[in-house]
Amino acid sequence: MNINVYTESTPNPATMKFIVNKLMINGSADFATKESAEKSPFAKELYKFSFVNGVFFASNFVTVTKTEGTDWEDIEPILKEFVKGAVESELKVQLEEQAEDVAFEGTETEIKIQQILNDYVRPAVEQDGGAISYRSFNEGVVTVELRGSCSGCPSSTITLKAGIENLLKRMVPEVQEVVSEAL
C-alpha cells in the first residue's frame, strides 16, 4: 500500500495534524510528555526530534505539538517524511493494543451524557486533532478531559462553553455546566 501523508492545521497554532491513508490505532492515545511515550515506539521516535513537545494519535492521524519558537514551515516536511516512513515500516503506536471501551456506565443521565459526547462531540473534536473523555457528572456539572490539540488550545474554552456545554444543556436538562479536568 502506498502511504500518503497530508497535514491539516488545528485551532491550536502549536499543533498540526498529520493524516495518513491507513488506520493507525483504534481509539486514541495521548503521549503528552517524552516520559509517557515509553510504551509507544512511534511516539518515542517522534520525541527524538528536539522540536516535538507532544504527540497524540487517533484513528488515521497523529497530532504533533511543537516547541515554542519553532516554525511549522521548517519542520512540517521533516515530520511528514518521518510519519510516512514510520507508517510504511509499521512502527507501532502502542506496544500492547488497548481496546477503547465504549460501554457507558452510571445513571440514566450519565449514560445519556456519555452517548451525546461519543456521538456528537467526539467526531468534531477528532476533526480538530484532539479527543474528549467523559470524567464525571456531579450536581449538574459535567467534567471532561480534553487531549491532543485540544489540550492547551486557545479556543478550547470556547469549544467547551459555547459548543459542548450548550449542546449538553439543550439535550440533557440536568446539565448546568461543563468543565475541563486539568491534565
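What comes next is a walk through the structure. Just so we're clear, the structure is a prediction, and the values are computed from it rather than from any experiment.

## Let's talk about the overall build of the chain
Within the chain, the regular secondary structure consists of 4 helices and 8 strands. When the helices and strands of the chain are placed in sequence order, the string is β-β-β-α-β-β-α-α-β-β-α-β. Judged by the C-alpha coordinates and their principal axes, the chain covers about 50 × 35 × 30 Å. Put simply, the chain has 183 residues, and 44% of those count as buried. Taking the contacts inside the chain whose residues are at least 6 apart along the sequence as the reference set, 58% of them involve residues at least 24 apart. For the chain, the exposed surface amounts to about 9,800 Å²; the carbon and sulfur share of it is 49%. Between the centroid of the 17 positive side chains of the chain and the centroid of its 29 negative side chains there is a distance of 3 Å.

## What to know about the packing of aromatic side chains
Any aromatic ring pair is given by two values, namely how distant the centres are and how the planes are angled relative to each other. The full count for this structure, using the stated rule, is 7 aromatic pairs. Considering the side-chain rings of F42 and F82, the 5.9 Å spacing of their centres and the 80 degrees angle between planes classify their relative orientation as edge-to-face. With F42 in helix α1 (residues 41-46) and F82 in helix α2 (residues 72-88), this pair connects stretches of sequence that are 40 residues apart. Ring centres of F49 and F82 lie 5.5 Å apart, and the angle between their planes is 85 degrees; this geometry places the pair in the edge-to-face category. A residue pair is termed long-range when its members are at least 10 positions apart, and F49 in the loop between α1 and β4 (52-58) and F82 in helix α2 qualify at 33 residues. Among the aromatic residues, ring-to-ring pairing joins F31, F42, F49, F51, F57 and F82 into one connected group. In this arrangement the basic side chain of K17 is found over the ring face of F61, its NZ or CZ atom lying 4.5 Å from the centre.

## Structural notes on the pattern of salt bridges
Evaluation of the coordinates by the stated rule reveals 7 salt bridges. Ionic pairing is found between K17 and E8, a salt bridge with its closest N-O pair at 3.7 Å. Across the pair K22 and E90 runs a salt bridge whose closest N-O atoms are separated by 3.8 Å. Of this pair, K22 sits in the loop between β2 (15-20) and β3 (28-31) while E90 sits in the loop between α2 and α3 (108-127), and the two are 68 residues apart along the sequence. Looking at K22, the relative accessible area reads 27%, which means it is partly exposed. Residue classification places E90 among the exposed positions, given a relative accessible area of 58%.

## Digging into the sheet that holds strand β7 (residues 141-148)
Sheet strands pair by backbone hydrogen bonding; their relative direction is either parallel or antiparallel. Strand order in the open sheet formed by 3 strands is β6-β7-β8, with mixed pairing between adjacent strands. Both edges of this open sheet fall to β6 (130-138) and β8 (177-180), since each of them pairs with a single strand only. Between one strand axis and the next, the sheet turns by 30 degrees as a mean value, whatever way the strands run. The strands touched by α3 are β6 and β7; relative to β6, the strand with the most contacts, the crossing angle is about 160 degrees.

## Some words on unusual backbone geometry
Where the residue is not glycine, phi is negative for most of them; where a peptide bond is considered, it is trans in most cases. Phi angles above zero are rare outside glycine, and E90 is one such case at about 55 degrees. The backbone of E139 shows a phi angle near 50 degrees, a positive value even though the residue is not glycine. Position of E139 among the secondary structure elements: in the loop between β6 and β7.

What counts and how
- Residues numbered from 1 in each chain as written.
- Predicted model: local features only at pLDDT ≥ 70, side-chain atom pairs only at ≥ 80, totals over all residues.
- Heavy atoms only, no water.
- Helix = DSSP H or I, 4+ residues; strand = E, 2+ residues; numbered from the N terminus.
- Buried < 20%, exposed > 50% of the residue type's maximum accessible area, 1.4 Å probe, protein only.
- Contact = heavy atoms within 4.5 Å.
- Areas by Shrake-Rupley, 256 points an atom, 1.4 Å probe, with all protein chains shown as cover.
- Lys, Arg positive; Asp, Glu negative; His and termini not counted.
- Charge placed at Lys NZ, Arg CZ, Asp CG, Glu CD.
- Phe/Tyr/Trp six-rings, centres within 6.5 Å; stacked < 30°, edge-to-face > 60°.
- Lys NZ or Arg CZ within 6 Å of the ring centre and 35° of its normal.
- Salt bridge = Lys/Arg side-chain N within 4 Å of Asp/Glu carboxyl O.
- Pairing = 2+ DSSP bridges.
- Axes fitted to C-alpha atoms, helices over the stretch in contact; angles between N-to-C directions.

In short, the description is geometric, and any link to function would need to be established separately.
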